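Here is how the chains run, residue by residue.
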Amino acid sequence: MGIPVFVFAGLLVHCVFLASIFDIYFTSPLVHGMTPQQTPLPPPAKRLVLFVADGLRADSLYELDSNGTSRAPFLRSILENTGSWGISHTRVPTESRPGHVALIAGFYEDVSAVAKGWKENPVEFDSIFNESKYTWSWGSPDILPMFAKGASGDHVYTFCYTAESEDFGAQDAAKLDTWVFDHVKSFFNSSRSNQTLYSALNEEKVVLFLHLLGIDTNGHAHRPNSREYKENIRKVDEGVKEIASMLENFYGNDGKTAFILTSDHGMTDWGSHGAGHPSETLTPLIAWGAGVNYPQRVASQFFEDNFLKEWKLENLKRLDVNQADIALLMASLIGVPFPLNSVGTLPLEYLNNSAHFKAESMFTNAVQILEQFKVTKHIVKRGKVSLCKTLINLALEGLSYYHTYDRLFLGLSIAMGFVGWTAYVILVIIKTHTNLTKAAQSHDKESTILLYGFAFVGLIIAFFLLIQTCPWTYYVYCLLPVPVWYAVVKELHVIQDLAAYLLSLPVGQSMGFLLICVLGIEILVFSFFYRSTLTIGLLVFAGWPVITQLWVQAKTTALIWILLCMLLGIFPLMPVVGREPNIPLVIATGLLTLLISCSSLSSLCKSKNKYMNNEDLKVQFYQMLSIALSTYVVSSTHDSLQNKQGLPVFNQIISWTTLVSSSLLPLLSPTFLFQRLFSILLSLMSTYLLLSTGYEALFPLVLSGLMFVWINMEQEALQQYGLSLKPKLAVFNFSYATDIMQFRQLHLDDVRRSFFFVSFFVMPFSCFSSFDPASVYCFLTVFSPFMMGGLLVLKVVIPFVLVSCAFEAVQVTTQLSSKSLFLIVLVISDIMALHFFFLVKDYGSWLDIGARYSIFCLHYTGHSQAWRRRLTMLHALESCGSFHYVLVMSLTIFMMLMNGLAQLLTTKKLELSRKTKHHST
């Protein structure tokens, strides 16, 4: 099989493996075609007012200030005197879109939307807004449109402020909530002179939705314990009081208005959300007005947490609900059909109505979940609510069983494909890049029989799928192992040669090598879940020179290697989330980088290197100037934002100029190995400093130091094994490497080189996966999802570029073909992916399963609908453990891209000007 064909086949196979999890684990649990169900009795309310305070934590609302007063006195008086209260338990991912879908549609975001990019309505679903007669909503342009566009008919109206209003650097984000309150008042005032609107507002089944984004924005910008966040709660409380009073007056105190205040999600102390921490999943719920129970006094009540005592609410009954239950509560209050795909259970204790009404409502809830369940009316009349609750649980279990009916069958098919493909790649490595195999004799007759045999197996599988009327993707997943295993069995002579070689080795040596390989891969797998595992791995790496006796021939280099491995091992132990910005450390890193570059420049000038000219020295001087400017911009921007003066225009210009120039300046430097690598480091470091907020600024510096030492250590290892003469690295030129190299065959030590590379490649994922919007404040503060996302992705990619460039240097200086090492890396990544394939699930918290490691541990901090889709999509993947699988499957393609970029950065040189010689005639 030629190289282009093999590469194409590899990409195709990995694309199939990658796509398989969406059919196996992420098929839609939603069903359609049900008849809307609603309680047949008259509802207690004609209209419902829903306040959603985005990002409001339960404790932030319920707790008392140090002086014993509430920061939300109106809402406190409601729950103490006229309404019911509790905690709404959200599910991960704790993001705005899934939270609002649960609140308004009654189900937790459809996981199949992951495969569709989480569009505004990737699948059709029903909602309270859709079932209402009229819905008017005010708030963010990123939340309101998705419910309006999904509604049938023209009865859901939205009023949004501009996206530019969502500015993290603004003086006071509470203005977003003030905008909502002011426009609601203006809307009702204008209705008095508009008879059509006035009549519509007085209809039954009306919903008023106020989305309040200020608290969330202030939480991201200033943290939930800040004065701004708490003051925003006071303003929301005042606004809710004014709206409630205004509506009561507008409707003549008819007692037909129900009010609900809640939140889509909470927020951690460090201003993020998306995970399963209680500060993110516990949100407030306060209901009052028509049809809502009054406060229930109790002598005592038990909850596992100690919040009641802290909040001084131990004598008021706390009524906790799941977030999806709120949709049913709202539907019951105004008498609209329950949302068709709702999975909630009606919280009866919030209702102030007859036992008959509650029984009818619960029966409707049960029929809505399992419409075909037909029982006689006397069950409801006898009030057997518990039977309906049991029915709901059984129905949900049954739906889950049939939803996952084909999962085992498809999973085994993909697993067989995985194992076959990995075996085939190993055979290709042995056949084409080692001396272990002998020349194969042609056996055409046996090959023909083998081909017919596998073709017959394929026909049997296809026939089975045909009679099962399976979708076409099932054919791909189930038939893929057939040609893969045919290719494996066809290389039987290679398997025989490999077996003979292994049997000729001492048993202890073979088992020891296999054990080391297994342990190494398991350490990499565990590092995806437990970041500290990487520290253990780096400590093992530190002992490599001692174990192999390399320290004897290169004591100084080995000592530096040990120290840098130990220093790099500190980073996986540092917190990814929950850390405060440490700008002085970023500034100190910039100064340290400047000091190192000054030392390098001074050394070059003193040595009078004949390979360096004035133009090359100017390039390094410009890079040093860029480092100095980046350090200044970080300090200046932080001070300006702290003083709420916004982002200085000068700093913004410098930041964007540095970003653009950092990709060009390395191409102007000499292509000698260490000079070019150092130039790449300086250019990328200037940009990385601008994107740093704390200790992560040191990471590329330490990583690059270890990469420089790694290149030297590999030369020592190569000389120790007698595989090559030690070249002079100081004068090694990248641009001539491909011309002068004679590639050698693989050695067992090359497996270790590939493993080192994969381990170093994993490090940036594990250490810095948190997306903090403060990272981009040197470039922009007004929320721009794609711009911010691009900058944050660039921050993640920079360490990969450094590792890839170093690996390129290792390959060319050790006389290795990039294809041979790539195949070894492919085997390692495929074995890891097979691990993660069996760990994928379609439920759970991404923090519990995968927060220890991810390129995007997305502590989401934005609100654009388009950006929300992508971030929530990745949260969902992370929440079910599948992001690790997707990540490892994508590793091959990503490493190919990084390899191409590394070759470009190391071998190419731009000549901006040339002096032309003129000859006289």
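Analysis parameters
Residues numbered from 1 in each chain as written. Predicted model: local features only at pLDDT ≥ 70, side-chain atom pairs only at ≥ 80, totals over all residues. Heavy atoms only, no water. Helix = DSSP H or I, 4+ residues; strand = E, 2+ residues; numbered from the N terminus. Buried < 20%, exposed > 50% of the residue type's maximum accessible area, 1.4 Å probe, protein only. Contact = heavy atoms within 4.5 Å. Pairing = 2+ DSSP bridges. Axes fitted to C-alpha atoms, helices over the stretch in contact; angles between N-to-C directions. Polar contact = N/O pair within 3.5 Å; in protein donor to acceptor, adjacent residues only side chain to side chain. Core = buried A, V, L, I, M, F, W, Y, C linked by side-chain atoms within 4.5 Å. Phe/Tyr/Trp six-rings, centres within 6.5 Å; stacked < 30°, edge-to-face > 60°. Lys NZ or Arg CZ within 6 Å of the ring centre and 35° of its normal. Salt bridge = Lys/Arg side-chain N within 4 Å of Asp/Glu carboxyl O. Parallel < 35°, antiparallel > 145°, perpendicular 65-115°, else oblique. Left-handed = near helix turned anticlockwise from the far one by under 90°. Nonpolar A, V, L, I, M, F, W, Y, C, P; charged D, E, K, R; others polar. Patch = residues over 30% accessible without salt bridge, like charges linked within 9 Å, V, L, I, M, F, W, Y side chains within 5 Å. Areas by Shrake-Rupley, 256 points an atom, 1.4 Å probe, with all protein chains shown as cover. Arc of directions from axis to C-beta. pLDDT = per-residue confidence, 0-100.

### A look at the overall build of the protein chain
Move 1: In terms of regular secondary structure, the protein chain is built from 38 helices and eight strands.
Move 2: For the protein chain, with 921 residues in total, the buried portion stands at 55%.
Move 3: Residue pairs in contact within the protein chain that sit at least 24 positions apart in sequence constitute 80% of those at least 6 positions apart.

### Structural notes on the sheet that holds strand β8 (residues 321–322)
Move 1: Taking strand neighbours across the sheet as the criterion, the eight strands line up as β4-β3-β5-β1-β6-β7-β2-β8 in an open arrangement whose pairing is mixed. Each having just a single partner strand, β4 (156–160) and β8 make up the two edges of the open sheet.
Move 2: Sheet analysis places strand β1 (residues 47–53) next to strand β5 (residues 206–212), joined by seven bridges and oriented parallel. Along β5, the bridge assignment pairs R47 with V206.
Move 3: Here helix α3 (residues 73–81) sits on the sheet and contacts β2 (84–89), β6 (257–262) and β7 (282–289); the angle it forms with β7, its principal contact strand, is near 70 degrees.

### A closer look at the pairing of β6
Move 1: Of all the six residues making up β6, six are buried; the element is thus mostly covered by neighbouring parts of the structure.
Move 2: Bridge count for β6 against β7 is five bridges, and the pairing is antiparallel. Note on β7: the bridge partner recorded for L261 is I286.

### Remarks on the pairing of β2
Move 1: Burial runs high along β2: five of the six residues are buried.
Move 2: By the bridge criterion, two bridges tie β2 to β8 in an arrangement that is parallel. Across the sheet, S88 pairs through a bridge with V321, a residue of β8.

### Some details on the side chain of H273
Move 1: Mapped onto the fold, H273 is located in the loop between β6 and α11 (278–281).
Move 2: For H273, a relative accessible area of 0% puts it in the buried group.
Move 3: Separated by 3.3 Å, the side chains of H273 and E95 make a polar contact.

### Section: the nonpolar core
Move 1: The biggest cluster of nonpolar side chains holds 123 residues, and the ones touching the most others in it are W561, L568, W710, F760 and M832.
Move 2: L79, A244, Y251 and F307 belong to the second largest nonpolar core, which has 52 residues in total.

### Considerations on the packing of aromatic side chains
Move 1: If you walk through the whole model with that rule in mind, you get 39 aromatic pairs.
Move 2: Where F159 meets F187, the ring centres are 5.6 Å apart and the plane angle is 55 degrees; that geometry is what we call tilted. Separated by 28 residues along the polypeptide, F159 in strand β4 and F187 in helix α7 (residues 175–191) bring together distant segments of the chain.
Move 3: Seen in terms of ring centroids, F571 and F699 are 5.4 Å apart; in terms of plane orientation they differ by 75 degrees. Their pairing is edge-to-face. One end of the pair, F571, is in the loop between α26 (555–568) and α27 (583–607); the other, F699, is in helix α31 (residues 699–720), with 128 residues separating them in the sequence.
Move 4: Linked through ring pairs, F541, W544, W561, W710, F755, F756, F757, F760, F761, F800 and F807 together constitute an aromatic cluster.
Move 5: Stacked on the ring of Y251, the Lys or Arg R47 has its end atom at 3.5 Å from the ring centre.
Move 6: A cation over an aromatic ring shows up here: R318 above the ring of F303, its NZ or CZ 3.9 Å from the ring centre.

### A look at the pattern of salt bridges
Pairing of side chains with opposite charge becomes possible as their charged atoms draw close.
Move 1: Inspection of the entire model under this criterion finds 21 salt bridges.
Move 2: Close ionic contact of D65 with R71 constitutes a salt bridge, the shortest N to O distance being 3.0 Å. Both residues of the pair, D65 and R71, count as buried.
Move 3: Between D65 and R234 there is a salt bridge, and its shortest N-O distance comes to 2.6 Å. Linking D65 in the loop between α2 (58–62) and α3 with R234 in helix α10 (residues 227–250), this pair joins segments that are 169 residues apart in sequence.
Move 4: Residue class for D65 comes out buried when judged on its relative accessible area of 18%.
Move 5: Connected through salt bridges with shared partners, the residues E63, D65, R71, E231 and R234 form a single ionic network.

### Some words on the packing of helix α17 (residues 407–433) against helix α20 (residues 481–490)
Move 1: It is at 9 Å that the axes of α17 and α20 come closest, and there the two elements cross at 30 degrees. Between α17 and α20, the angle is such that the two are roughly parallel. In this structure, the crossing between α17 and α20 has a hand that is left-handed. Here α17 contributes S413, M416, G417, V419, G420, W421, A423, Y424 and L427 to the contact with α20, which in turn contributes P481, V484, W485, A487 and V488.
Move 2: Among the residues forming the contact of α17 with α20, the class breakdown is 11 nonpolar, three polar and no charged.

### Focus: a nonpolar patch on the surface
Move 1: Taken together, the side chains of F409, F463, F464, L466 and I467 make up a nonpolar region of the molecular surface, amounting to roughly 510 Å² of accessible area.
Move 2: Looking at which element gives the most residues to the nonpolar patch, the answer is helix α18 (residues 444–467), with four residues.
Move 3: Here F409 shows up in helix α17.
Move 4: The exposure class of F409 is partly exposed, given its relative accessible area of 33%.

### Focus: helix α19 (residues 472–479)
Move 1: Those residues of α19 lying buried are T473, Y474, Y477 and C478. The buried residues of α19 occupy an angular sector of 125 degrees when projected down its axis, which confines them to one face.

### Observations concerning the environment of F357
Move 1: The topology assignment puts F357 in helix α14 (residues 355–369).
Move 2: Through-space distance from the C-alpha of F357 to that of L41 is 6.6 Å; in sequence the pair is 316 residues apart.

### Re the environment of L41
Move 1: Mapped onto the elements, L41 comes out in the loop between α1 (3–24) and β1.
Move 2: L41 sits in the partly exposed class, given a relative accessible area of 25%.
Move 3: What L41 contacts, discounting residues up to four positions off in sequence, is H356, F357 and E360.

### Thoughts on unusual backbone geometry
Move 1: Look at K205: it is not a glycine, yet its phi comes out positive at around 60 degrees.
Move 2: Mapped onto the elements of the fold, K205 is located in the loop between α8 (195–201) and β5.
Move 3: One non-glycine residue, R223, lies in positive phi territory at about 80 degrees.
Move 4: Looking at where R223 falls in the secondary structure, it is placed in the loop between α9 (214–222) and α10.

### What to know about the packing of α17 against helix α35 (residues 818–837)
Move 1: Remark: α17 packs on α35, axes separated minimally by 10 Å, with the N-to-C direction vectors making an angle of 160 degrees. The pairing of α17 with α35 is recorded here as roughly antiparallel in orientation. The chirality of how α17 crosses α35 is left-handed. Across the interface between the two elements, G411, I414, A415, F418, V419, W421, T422, V425, I426, V428, I429 and H433 of α17 pack against K819, S820, L823, I824, L826, V827, D830, I831, A833, L834 and F837 of α35.
Move 2: For the contact of α17 with α35, the residue count by class is 17 nonpolar, four polar and two charged.

### Regarding the confidence of the model for the protein chain
Move 1: Summary statistics for the protein chain give a mean pLDDT of 81 and a share of 79% for residues scoring 70 or more.
Move 2: For the protein chain, per-element mean pLDDT is lowest for helix α36 (residues 846–850), which scores 36, and highest for β6, which scores 98.
Move 3: Counting interchain partners and residues more than four positions distant, the pLDDT-below-50 stretch residues 372–384 has 10 contacts.
Move 4: Segment residues 914–921 is flagged for pLDDT under 50; beyond a separation of four residues in sequence, or across chains, it makes zero contacts in the model.

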